[in-house]
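Structure assessment
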Amino acid sequence: MPMTQTRIVLNPKYKPKAEEILEATGIDNLSQLFTLLLVNYGDCLVNCLKHSHQLPIQSSLVAQTPTHSTLQPPSIKPQPSPQAKKFVPMGSF
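Residues numbered from 1 in each chain as written. Predicted model: local features only at pLDDT ≥ 70, side-chain atom pairs only at ≥ 80, totals over all residues. Heavy atoms only, no water.

Okay, the overall build of the chain next. Along its length, the chain carries 3 helices and 0 strands. Across the 93 residues in the chain, those meeting the buried criterion constitute 10%. Counting contacts in the chain only where the partners sit at least 6 residues apart, residues at least 24 apart contribute 61% of the total. (Helix = DSSP H or I, 4+ residues; strand = E, 2+ residues; numbered from the N terminus. Buried < 20%, exposed > 50% of the residue type's maximum accessible area, 1.4 Å probe, protein only. Contact = heavy atoms within 4.5 Å.)

Here it is in structure tokens:
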């Protein structure tokens, strides 16, 4: 099955983070990075966003409530394993 191309635009303010991930993992390019993130974390992102919208939040209450930060969706921060191995890409996409 031939691969098709789809272009995405990366906000310049996030490019340093993307470059940091490329360096740390050995992923060759931003296309591979996006593909791996989409395949491995896409379902998790959708589920997280679905659950965050189930909270009954009224905008007037959020503005007045000092603890509204507890109502924000959780931040997903993967924890590195103690024996983290350098990622070796399988090939070009």
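With that settled, the discussion passes to a nonpolar patch on the surface. Residues Ile8, Phe34, Leu38 and Val39 make up a contiguous nonpolar surface patch of roughly 410 Å² in combined accessible area. Mapped onto the secondary structure, valine 39 falls in helix α2 (residues 30-52). (Patch = residues over 30% accessible without salt bridge, like charges linked within 9 Å, V, L, I, M, F, W, Y side chains within 5 Å. Areas by Shrake-Rupley, 256 points an atom, 1.4 Å probe, with all protein chains shown as cover. Salt bridge = Lys/Arg side-chain N within 4 Å of Asp/Glu carboxyl O.)

In this model α2 runs just 28 Å from its N-terminal to its C-terminal C-alpha over 23 residues, more than 12% under the 33 Å that 1.5 Å per residue would give. In α2, a bend of some 60 degrees at tyrosine 41 exceeds every other bend along the element. Three or more residues of α2 are buried, namely Gln32, Leu33, Gly42, Cys48 and Ser52. Where the residues of α2 are buried, they touch α1 (15-25). The backbone nitrogen of serine 31 has a side-chain oxygen 3.1 Å away, supplied by the residue at the start of α2, namely asparagine 29. (Expected span 1.5 Å × (residues − 1). Bend = angle between axes of the 7 residues up to and from the residue. Polar contact = N/O pair within 3.5 Å; in protein donor to acceptor, adjacent residues only side chain to side chain.)

Here the chain averages 75 in pLDDT, and 56% of its residues register 70 or above. Mean pLDDT per element in the chain: helix α3 (residues 59-64) is the minimum at 49, and α1 is the maximum at 96. Scored below 50 in pLDDT, residues 60-71 makes 4 contacts in the model with residues more than four places away or belonging to other chains. (pLDDT = per-residue confidence, 0-100.)

What follows covers the pattern of salt bridges. Side-chain pairing between opposite charges can occur once the charged atoms of the two side chains come close. A complete count under the given rule lists 2 salt bridges for this structure. The partner of glutamate 20 in a salt bridge is lysine 17, with the nearest N and O atoms 3.6 Å apart. Residue glutamate 20 and its partner lysine 17 are located together in helix α1, separated by 3 residues, close to a single helical turn. Residue class for glutamate 20 comes out partly exposed when judged on its relative accessible area of 47%.

One can find asparagine 11 in the segment before α1. According to the relative accessible area criterion, asparagine 11 is partly exposed, its value standing at 35%. From its side chain, asparagine 11 meets the backbone nitrogen of lysine 13 in a polar contact 3.0 Å long.

Right, let's talk about the environment of leucine 22 for a bit. When you line up the elements, leucine 22 lands in helix α1. The exposure class assigned to leucine 22 is buried, which follows from its relative accessible area of 11%. When the C-alpha atoms of leucine 22 and glutamine 32 are compared, they prove to be 9.4 Å apart, with 10 residues separating the residues in sequence.

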